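So the chains spell out like this:
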Amino acid sequence: MKKLFTILGCIALFALTTTSVQAQDYKNAIGGRFGSYNGVSFKTGLNKGAMLELIGNFRSNSGFSWVQLTGLYEVYNPIKGADGLNWYYGGGASVGSVKNKVIDESDIYLGLNGVLGLDYKFKGAPINLSLDWIPTLRLTPDTDFYSGDVGLGVRFTF
């Protein structure tokens, strides 16, 4: 199993370093991400066709509350014939805290994330929209797979 993860990791690293794409239409963006977990999203350009996204989100109901910070490396690819529209993929990690309000216990968790989405920058306006899916493999305190959070991002670009 360890060899399989090593091989898949090498393939992913090779794909990320050999991808040649055009740059997205903005350098930085900040705003909200709305889905199962609502929160704040900040994107910044790293190099041609890649961005780093940081998401700070939270969720609460009568029994539990969650706080999470996620960092994602995203590779952008333009969609031909649709100016301002890109699709992107990538991966990253998250760290968070969950509190059980009923029995007054809390725990910290770590996870590995994937991301797949669409990103649109309005021409002539400092507005960016994205729709993405972020599945998570939680590593601690228990190993489990969360099939993902689908979210809509609305950001101001600069």
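Bear in mind the structure is a predicted one, so any value in this text is a computation, not a measurement.

A. Seen up close, the side chain of Asp-119. Considering the arrangement of structural elements, one finds Asp-119 in strand β6 (residues 105-121). Classification of Asp-119 by relative accessible area gives buried; the value is 1%. A polar contact is formed between the side chain of Asp-119 and the side chain of Lys-43, at a distance of 3.4 Å. The contacts of Asp-119, once residues within four sequence positions are left out, are Tyr-26, Lys-43, Tyr-76, Gly-84, Leu-85, Asn-86, Tyr-88, Asn-128, Leu-129, Ser-130 and Arg-155.

B. Main features of the pattern of salt bridges. The final tally for this structure, using the stated rule, is six salt bridges. Across the pair Lys-43 and Glu-74 runs a salt bridge, and its minimum N-O distance is 3.4 Å. Here the residue Lys-43 occupies a position in strand β2 (residues 38-47), and Glu-74 occupies one in strand β4 (residues 64-78), the gap between them amounting to 31 residues. Look at Lys-43 and you get buried, because its relative accessible area is 0%. Assessed through its relative accessible area of 0%, Glu-74 is described here as buried.

C. Structural detail: unusual backbone geometry. A cis amide bond links Thr-140 with the next residue in sequence, Pro-141, at an omega value of -5°. Following the sequence through the fold, Pro-141 ends up in the loop between β7 (127-140) and β8 (144-157). Here Asp-104, not a glycine, exhibits a phi torsion of approximately 55°, which is positive. Within the secondary structure, Asp-104 sits in the loop between β5 (85-100) and β6.

D. The environment of Asp-142, seen in detail. Its place among the elements puts Asp-142 in the loop between β7 and β8. Overall, Asp-142 belongs to the exposed group, its relative accessible area being 58%. With 32 residues separating them along the chain, Asp-142 and Leu-110 place their C-alpha atoms 9.5 Å apart.

E. How the structure looks around empty space enclosed by the protein. Enumeration according to the criterion identifies one cavity of 30 Å³ or more in this entry. By volume, the largest cavity amounts to about 110 Å³. In this structure, the largest cavity is lined by Arg-33, Tyr-37, Ile-55, Asn-57, Gln-68, Thr-70, Asn-113, Ile-134, Thr-136, Arg-138, Tyr-146 and Asp-149. Secondary structure elements with two or more residues in the lining of the largest cavity: β3 (50-60), β4, β7 and β8. Top element by residues in the lining of the largest cavity is β7. It accounts for three residues. When the residues that make up the lining of the largest cavity are grouped by side-chain class, the tally is four nonpolar, five polar and three charged.

F. Spotlight on the nonpolar core. Tyr-26, Ala-29, Met-51, Ile-55, Leu-72, Tyr-76, Tyr-88, Val-115 and Ile-134 together form the largest nonpolar core, which totals nine residues. For this core, the secondary structure elements donating two or more residues are β3 and β4. The contacts of Val-115, once residues within four sequence positions are left out, are Leu-72, Glu-74, Tyr-88, Tyr-89, Gly-90, Gly-91, Asp-132, Trp-133 and Ile-134.

G. The sheet that holds strand β1 (residues 28-34), seen in detail. A barrel is described by the order of its strands in space; here eight strands give the closed sequence β1-β2-β3-β4-β5-β6-β7-β8, paired in antiparallel fashion. Mean inter-strand twist for the sheet, computed between neighbouring axes without regard to direction, equals 25°. Here β5 pairs with β6 via 16 bridges, running antiparallel. Looking at β6, one finds that Ser-97 is bridged to Ile-108.

Parameters and conventions
- Residues numbered from 1 in each chain as written.
- Predicted model: local features only at pLDDT ≥ 70, side-chain atom pairs only at ≥ 80, totals over all residues.
- Heavy atoms only, no water.
- Helix = DSSP H or I, 4+ residues; strand = E, 2+ residues; numbered from the N terminus.
- Buried < 20%, exposed > 50% of the residue type's maximum accessible area, 1.4 Å probe, protein only.
- Polar contact = N/O pair within 3.5 Å; in protein donor to acceptor, adjacent residues only side chain to side chain.
- Contact = heavy atoms within 4.5 Å.
- Salt bridge = Lys/Arg side-chain N within 4 Å of Asp/Glu carboxyl O.
- 1 Å grid on protein atoms, 1.4 Å probe; cavity = no way out; pocket = protein on both sides within 12 Å on 5 of 7 lines; lining within 4 Å.
- Points joined across faces, edges and corners; volume = space filled by probe spheres on them.
- Nonpolar A, V, L, I, M, F, W, Y, C, P; charged D, E, K, R; others polar.
- Core = buried A, V, L, I, M, F, W, Y, C linked by side-chain atoms within 4.5 Å.
- Pairing = 2+ DSSP bridges.
- Axes fitted to C-alpha atoms, helices over the stretch in contact; angles between N-to-C directions.

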